[in-house]
Amino acid sequence: MKALLLENIHPDAVDLLRSRGVEVETRKGALDPTELKDALHGVDMLGIRSKTHVTREVLEAHPQLQTIGAFCIGTNQIDLTAATDTATVVFNAPYSNTRSVVELAMAEIIVMARHLTDKNKAMHEGVWDKSAKGSHEVRGRTLGIVGYGNIGKQLSVLAEAFGMKVFFYDTVDRLSMGNATKCDSLDELLQSVETVTLHVDGRPDNANMFGRDQFRNMRPRSLFLNLSRGHVVDHEALREALVSGHVAGAAVDVFPSEPKAAGDPFTSPLQGLPNVILTPHVGGSTAEAQENIGQFVAGKLIDYSRYGSTSLSVNFPEMQLDPDILGTRLMHIHSNLPGVLARVNSVLGEHGINVDRQQLVTKGQTGYLVTDCGNGVTPEVVAAIKALPETIRVTTVN
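Note that the structure is a prediction, hence the values are computed from the model and not measured.

Analysis parameters
- Residues numbered from 1 in each chain as written.
- Predicted model: local features only at pLDDT ≥ 70, side-chain atom pairs only at ≥ 80, totals over all residues.
- Heavy atoms only, no water.
- Phe/Tyr/Trp six-rings, centres within 6.5 Å; stacked < 30°, edge-to-face > 60°.
- Buried < 20%, exposed > 50% of the residue type's maximum accessible area, 1.4 Å probe, protein only.
- Helix = DSSP H or I, 4+ residues; strand = E, 2+ residues; numbered from the N terminus.
- Core = buried A, V, L, I, M, F, W, Y, C linked by side-chain atoms within 4.5 Å.
- Contact = heavy atoms within 4.5 Å.
- 1 Å grid on protein atoms, 1.4 Å probe; cavity = no way out; pocket = protein on both sides within 12 Å on 5 of 7 lines; lining within 4 Å.
- Points joined across faces, edges and corners; volume = space filled by probe spheres on them.
- Nonpolar A, V, L, I, M, F, W, Y, C, P; charged D, E, K, R; others polar.
- Pairing = 2+ DSSP bridges.
- Axes fitted to C-alpha atoms, helices over the stretch in contact; angles between N-to-C directions.
- Right-handed = clockwise from strand over helix to strand, strands pointing away.
- Polar contact = N/O pair within 3.5 Å; in protein donor to acceptor, adjacent residues only side chain to side chain.

*Asks:* Can you tell me about the packing of aromatic side chains, naming the residues and giving the values?
*Replies:* Evaluation of the coordinates by the stated rule reveals 5 aromatic pairs. Seen from their ring centres, Phe210 and Phe215 are 4.9 Å apart, and the 70° between their planes marks the pair as edge-to-face. Judged by relative accessible area, Phe210 falls into the buried class, the value being 0%. Measuring from ring centre to ring centre gives 4.8 Å for Phe255 and Phe266, while their planes differ by 70°; the resulting arrangement is edge-to-face. A residue pair is termed long-range when its members are at least 10 positions apart, and Phe255 in the loop between strand E11 (247–252) and strand E12 (276–278) and Phe266 in the loop between E11 and E12 qualify at 11 residues. On the accessibility criterion, Phe255 (7% relative accessible area) is buried. Grouping aromatic residues by their ring pairs yields a cluster made of Phe210, Phe215 and Phe224.

Here you go:
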């Protein structure tokens, strides 16, 4: 097995893969689709973060690619439909860096409420401005969380511990944590709170979900944070709201267009504004989070390659498998159509192969059949199953 890891994935991932006999190649920066297409020859596992985009063209050019690990939360940089169509199993890290993002959001809320960036700048310029004007505690203030998933919920709990009153809005029906209040619409949330923070996913439907109308509907002198995805906010509209004073301050960690590698030039319409905190997509970039992500995602890639487990896969039917393989394990990814199980078992029966253990799960148009066979799984057997019209991919492990 060979793995290609891009974008400075944590060394723990490299060490874990190599300890399991995987050949690992690492590269510091992201690759564009053309570069990625060239780099994937002979690669079975691909590891990326948020800047490398995996397109259908790339996936179809490399049918040998078995797994993709997104060493981050988001997977919108991967064509998941194409990955499923090409039997490429995708894993991500849905929980490993949530605490890091939440702590940054909470810290930035406090920094903006206390005007610490202005105080810091003045001190470095030799100005002693010991004044409480415009400086507030967060205790007793109202926080609106847009997107109440893993990060939003944890932020909700932490904000309440600081004494904030929390409101949230999500397009999915979510159970509130603690004393948080659910809003029925985004506008209801915007009218109810003094600080708005976005924690939505990167699906195309969320593009420019926050623009001039939304900033206009926020309460005057509110604070705004986006630590989710760059393309969900109209940055020109945010600049207008900040310059006019309608929005008192903003903290932005993600941008519609981001440099590929550290040290590359960066531009934004938000640069130069004194009431804005800009950070280079570091919400999940703590030593603890990156270590956890590296170990978690690399572990998922290994579990699939060694014994076929797809637990917590983003795009595939989920199956938690016993690593104790009885003889040969035959993994059959196929179109979810009637009769596939019977046809596979007919092939096995014709070749005199006994089935020791068998599991089948489906998701949408995809089926995943795992069969432990005691003996006799020859290349001819595998070829016969590959020849079935519903077959997408067949692999075996011992």
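Here the narrative resumes.
*Asks:* Break down the nonpolar core for me, citing the residues and quoting the values.
*Replies:* Counting residues in hydrophobic clusters, the biggest one holds 31 residues, and the most contacted among them are Leu5, Leu17, Val24, Phe71 and Tyr368. At the level of secondary structure, the elements contributing two or more residues to this core comprise strand E1 (2–5), helix H1 (11–19), strand E5 (89–91), helix H11 (287–307), strand E13 (328–335) and strand E15 (366–373). A per-element tally of this core places H11 first, with 7 residues. Residues in contact with Val24, not counting those within four places in the same chain, are Ala3, Leu5, Val14, Leu17 and Arg18. Core analysis: the next-biggest nonpolar cluster, separate from the first, contains 29 residues, Leu189, Val232, Ala237 and Phe255 among them.

*Asks:* Could you give an account of empty space enclosed by the protein, naming the residues involved and the relevant values?
*Replies:* Under the definition given, this model contains 1 cavity of 30 Å³ or more. Put simply, the largest cavity is a space of about 30 Å³. Taken together, Leu321, Arg329, Arg357, Gln358, Gln359, Val370 and Asp372 form the lining of the largest cavity. Taken together, the elements giving at least two residues each to the lining of the largest cavity come down to strand E14 (355–363) and E15. Here the element with the most residues in the lining of the largest cavity is E14; it accounts for 3 residues. Looking at the lining of the largest cavity residue by residue, the class counts come to 2 nonpolar, 2 polar and 3 charged.

*Asks:* Before we move on, can you summarise the sheet that holds strand E2 (residues 23–26) with the specific residues and values?
*Replies:* Hydrogen bonds between backbone groups are what pair the strands of a sheet, and the pairing can be parallel or antiparallel. Here 5 strands make up an open sheet; going across it, the order is E2-E1-E3-E4-E5 and the pairing parallel. Two strands in the sheet have a free side with no partner beyond their single neighbour: E2 and E5. Taken pair by pair, the neighbouring strands of this sheet meet at an average axis angle of 15°, ignoring direction. Here 4 bridges tie strand E3 (residues 45–48) to strand E4 (residues 67–70), and the two strands are oriented parallel to one another.

*Asks:* Explain unusual backbone geometry to me, using residue names and the numbers behind them.
*Replies:* The phi angle at Asn8 is positive, at roughly 55°, despite the residue not being glycine. On the secondary structure map, Asn8 appears in the loop between E1 and H1. One non-glycine residue with positive phi stands out, namely Arg221, at about 70°. Within the secondary structure, Arg221 is located in the loop between helix H9 (212–217) and strand E10 (222–226).

*Asks:* An account of the sheet that holds E14 is needed here, citing residue identities and associated values.
*Replies:* Within the open sheet, the 4 strands sit side by side as E14-E15-E13-E16. Their pairing is antiparallel. Bordering the open sheet on either side are E14 and strand E16 (391–397), each of which pairs with just one other strand. Strand-to-strand twist across the sheet, computed as the mean angle between neighbouring axes with direction ignored, equals 15°. Pairing of E13 with E15, which is carried by 8 bridges, proceeds in the antiparallel orientation. Of the residues in E15, the one forming a bridge with Leu330 is Thr371.

*Asks:* If you had to explain the pairing of E10 to someone new, which residues and values would you point to?
*Replies:* Where burial is concerned, most of E10 is hidden: 5 out of the 5 residues are buried. On E10, burial covers both faces: Ser222, Phe224 and Asn226 on one face and Leu223 and Leu225 on the other are all buried. For strand E9 (residues 195–198) and E10, the ladder comprises 4 bridges, and the chain directions are parallel. Directly across from Val196, in E10, lies its bridge partner Phe224. With H9 bridging E9 and the parallel E10, this β-α-β connection has right-handed handedness. Relative to E11, E10 is paired through 5 bridges, and the arrangement is parallel.

*Asks:* Could you give me a rundown of the environment of Thr88, with the residues and numbers involved?
*Replies:* When you line up the elements, Thr88 lands in the loop between helix H4 (80–85) and E5. Thr88 sits 22 residues away from Gln66 along the chain, and the two C-alpha atoms are 4.8 Å apart. Ignoring anything within four residues of it in the chain, the contact list for Thr88 reads Leu59, Leu65, Gln66, Thr67, Ile68, Ala83, Asn315, Phe316 and Arg393. A polar atom in the side chain of Thr88 sits 3.1 Å from the side chain of Thr86.

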